[in-house]
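Listed below, chain by chain, are the residues.
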Amino acid sequence: MKLIYKKYLFFPLLSLVLLVGICSCKKDNMGAAHDPNAAIVVTDFLPKQGIYGTEVLINGENFTTDTTAISVKLNGIPLKIIASNGTQIMAIVPKRAGSGVIEVSIGGKTGTSKDSYNYIYKRTVSTLAGNGTAGFFNGKGTDAKFNFGGEPWYRNGGIAVDDALNVYVTDPGNHCIRKIDPAGNVSTLAGSPSNAGFAEGKGGEARFSLPYGLTIDEQGNLYCVDPGNWDIRKITPDGTAKLVAWAAREPWFITYDRTSKKLYYNSVTSPAPIYQLNTDGTAVTTVIDGLNFPAGMACGPDGSLYICIHGDNQIRKYDPKTWKHTMSAGSGKYGYKNGLNTEAEFALPWGIAADNQGNVYVAGNGTAGADSGSPDQSIRLVDGKTFQVSTFAGSNIAGFTNAVGEAASFNVPEGVAVDKNGTVYVIDKKNNSVRKIISE
């Protein structure tokens, strides 16, 4: 503990010393006026990495002492400037800035650092709703109960979030769709917890057998697939469930593409196709075929389709113009390993989500019997540009711990969704809960 304390104490003390140095040097540099015709040069900065709130000292040439005339950006995001003495600028890194070069702009001219600043995200895991016990109860936060893992063979990954930050989950053990508002209040949107079957209708009049996959469109309409009924259902924001189409195979996962306004669904079989259709159930076509147990699917901002190839321990990206896969993450070997796309290892990946930047989040445990001993009990992040794989939260050890990053634990994470702000939500199956991950 002493080592950790000293490590994090160093940078505030360093920042204080540097800030005093800048302020004390201001008088000495008053004569070194900014030359509007000369280039802005960024020679170096310190430290090279940090979390939000880190104070960065930027060294260079032809700066100005007028802080109102300076713009400092990281990934295009402005930094708050504390002080400048003409050759040094102190600025504060904001939340979610990301990694990238530092740009200093003065009077229409910009200087860029050679090195990139490495932004370290702080990812805090909490429990949005549920308490570890399988059952049914509508209430707030940990008072609520879900039945995600009442039977080990339940394998749903259905979770979605709307623009108002309401979270929706499929609850197969209770045969219904549940809604969780931003405050953690849980209600039943459609279906009846003690009545499995098939019926269209509003709220408790609707009937589901095994609601598994779930997706959402821009208007907040949900689309649910049910392998027990072999159907695709549309559920409006008021909870009215209506048949869209009968499936060609028992459907397990579904996703909606905001670019093409199309739905895609699949069946976790092998060899298996991916089906495309309109939201009214018409124009059903096979766009991809021959996959080895495809599981979760998600659409990126450009319409690319990301699929967990469960049977091959891979994540693949497909071009919607050619339906050829253009990128893969995972060597194909069963395991838990981060790294470059071809070096990483997954262990039967299941749920998947994509954010507005094309980054992909993977719920790592799709084992048929809900294996707490699986080597992957985490949410993994696949970088949208490089397909580099890292651990977003959790680890290879099962548990039920709210903490930061890899210190947090899940027990068979099966479904994942991401909202417009980058907050991630997880169906934690054997903990019968919905977890929330805030990344800053």
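The model shown is predicted, which means the values in this text are computed figures rather than measured ones.

Cut-offs used in this document
Each residue is numbered by its place in its chain's sequence as written, counting from 1. In keeping with the model being predicted, local features are shown solely for residues with a pLDDT of at least 70 and side-chain atom pairs are shown and tallied solely at 80 or more, while totals for entire chains, interfaces and linings include all residues. Side-chain metrics rest on all non-hydrogen atoms present in the structure, leaving aside hydrogens and water. The secondary structure listing takes helices from DSSP runs of H or I that are at least 4 residues long and strands from runs of E that are at least 2 residues long, numbered from the N terminus. In this setup the radius of gyration rests on C-alpha atoms only. A globule is expected at 2.2 Å times the number of residues raised to 0.38. Any residue under 20% of the maximum accessible area for its type is buried, any over 50% is exposed, and the rest in between are partly exposed; the area is computed with a 1.4 Å probe on protein chains only. We call two residues contacting when some pair of their heavy atoms lies within 4.5 Å. At least two DSSP bridges between two strands are required for those strands to pair. In this analysis, axes come from line fits to C-alpha atoms, helices being fitted only over the stretch in contact, and the angle between any two N-to-C directions falls in the range 0 to 180 degrees. Joining through side-chain atoms within 4.5 Å is the link that ties buried Ala, Val, Leu, Ile, Met, Phe, Trp, Tyr and Cys residues into a set, and such a set is a nonpolar core. For every residue, the predictor states its confidence as a pLDDT score lying anywhere from 0 to 100. Put simply, the grid is 1 Å and covers the protein atoms alone, a cavity is a trapped set of points that fit a 1.4 Å probe, a pocket is an open set with protein on both sides within 12 Å along at least five of seven lines, and lining residues have an atom within 4 Å of a point. Grid points are joined across faces, edges and corners, and a volume is the space filled by probe spheres set on the points. Residues are grouped as follows: nonpolar covers Ala, Val, Leu, Ile, Met, Phe, Trp, Tyr, Cys and Pro; charged covers Asp, Glu, Lys and Arg; every other residue, Gly included, is treated as polar. An automatic or database domain assignment provides the domain bounds reported here.

A.B. asks: Sorry, what's going on with the overall build of the chain here?
C.D. replies: Per the secondary structure count, the chain includes 1 helix and 34 strands. Taken over the C-alpha trace, the chain has a radius of gyration of 25 Å; the compact-globule value for 440 residues is 22 Å, and the two agree within 12%. With the C-alpha coordinates aligned to their principal axes, the bounding extent of the chain is approximately 80 × 50 × 45 Å. For the chain, the proportion of its 440 residues judged to be buried stands at 53%. Considering only residue pairs separated by 6 or more positions, the chain has 50% of its internal contacts joining residues 24 or more positions apart.

A.B. asks: It is not clear to me how the pairing of strand E31 (residues 389-395) should be interpreted in this structure. Could you clarify?
C.D. replies: The two faces of a sheet get side chains in turn, since along a regular strand they alternate between them. Most of E31 is tucked away, with 6 of its 7 residues classed as buried. Two successive antiparallel strands, strand E30 (residues 377-382) and E31, enclose a turn made up of 6 residues, where Phe387 displays a positive phi of approximately 65°.

A.B. asks: Please clarify how the sheet that holds strand E22 (residues 272-278) should be interpreted in this entry.
C.D. replies: Backbone-to-backbone hydrogen bonds pair the strands of a sheet. The strands run either parallel or antiparallel. The strand order across the open sheet formed by 4 strands is E20-E21-E22-E23, and the pairing between neighbours is antiparallel. Here the strands that pair on one side only, and so sit at the sheet edges, are strand E20 (253-257) and strand E23 (285-291). Across the sheet, the mean angle separating the axes of adjacent strands is 20° when strand polarity is ignored. Pairing of strand E21 (residues 262-266) with E22 involves 5 bridges; the strand directions are antiparallel. When the sheet's bridge partners are listed, Tyr264 is paired in E22 with Gln276.

A.B. asks: Whenever I open this one, unusual backbone geometry confuses me. Can you help?
C.D. replies: For residues that are not glycine, phi is negative in most cases, and the peptide bond is trans in most cases. Residue Pro47 follows Leu46 across a cis peptide bond; omega there is -5°. A cis amide bond links Ser270 with the next residue in sequence, Pro271, at an omega value of -5°. Topologically, Pro271 is positioned in the loop between E21 and E22. The backbone of Asn62 shows a phi angle near 65°, a positive value even though the residue is not glycine. Of note, Asn62 is situated in the loop between strand E3 (55-61) and strand E4 (70-74). With a phi close to 60°, Trp323 is a non-glycine residue in the positive phi region. As for its placement among the helices and strands, Trp323 is situated in the loop between strand E26 (314-318) and strand E27 (325-329).

A.B. asks: Explain the nonpolar core here, please?
C.D. replies: The nonpolar side chains of soluble globular proteins are, as a tendency, buried together. By size, the foremost hydrophobic cluster in this structure holds 34 residues, and its most contacted members are Ile274, Ile288, Leu305 and Ile307. Breaking this core down by element, the ones donating at least two residues are E23, strand E24 (294-299), strand E25 (305-309), E26, strand E28 (351-354) and strand E29 (360-363). At 5 residues, the largest contribution of residues to this core is made by E25. Setting aside chain neighbours within four positions, we find Ile288 in contact with Ala272, Pro273, Ile274, Leu305, Ile307, Tyr318 and Trp323. Grouped together as the second largest cluster of nonpolar side chains are 20 residues, Val42, Ala97, Ile106 and Tyr119 included.

A.B. asks: Hey, could you run me through the confidence of the model for the chain in this one?
C.D. replies: Interpretation of this model should avoid reading the predicted coordinates in detail wherever pLDDT is low. The pLDDT averaged across the chain works out to 92; a share of 93% of its residues lies at or above 70. Per-residue pLDDT stays below 50 along residues 23-31; that stretch engages in 5 contacts with residues further than four places along the chain or on separate chains.

A.B. asks: Help me understand the pairing of E26 in this model?
C.D. replies: Summarising burial for E26: 5 of the 5 residues are buried, a large majority. Residues Gln314, Arg316 and Tyr318 of E26 are buried on one face, and the alternating residues Ile315 and Lys317, pointing to the opposite face, are buried as well. In this sheet, E26 lies alongside E25 in antiparallel orientation, the contact comprising 5 bridges. For Ile307, the partnering residue across the bridge sits in E26 and is Arg316. The turn joining E25 and E26, which pair antiparallel and follow one another in sequence, is formed by 4 residues; a positive phi near 55° is taken by Asn313. Of the strand pairs in this sheet, E26 and E27 are connected by 4 bridges, and their pairing is antiparallel. Residue pairing for E27: Tyr318 is matched across the bridge by His325. Counted along the chain from E26 to the antiparallel partner E27, the turn is 6 residues long, and its residue Trp323 has a positive phi close to 60°.

A.B. asks: Help me out: how do you make sense of the layout of surface pockets in this one?
C.D. replies: Empty space among the atoms can be located by rolling a probe the size of a water molecule over them. By volume, the largest pocket is sized at about 1,000 Å³. Along the wall of the largest pocket there are 30 residues; nearest its centre are Gly98, Ser99, Tyr121, Asn359 and Asp383. Sorting the residues of the lining of the largest pocket by element identifies strand E9 (109-119), E30 and E31 as the ones contributing at least two each. Counted by class, the lining of the largest pocket contains 9 nonpolar, 14 polar and 7 charged residues. Taken domain by domain, the lining of the largest pocket gets at least three of its residues from each of domain 1 (41-119) and domain 2 (123-439). The volume enclosed by the second largest pocket comes to roughly 680 Å³. Contributing to the lining of the second largest pocket are 35 residues, with Ile216, Arg258, Cys299, Ala354 and Val418 lying nearest its centre. Only strand E11 (159-161), strand E16 (214-216), E20, E24, E28 and strand E32 (413-418) provide two or more residues apiece to the lining of the second largest pocket. The residue makeup of the lining of the second largest pocket, split by class, is 18 nonpolar, 10 polar and 7 charged.

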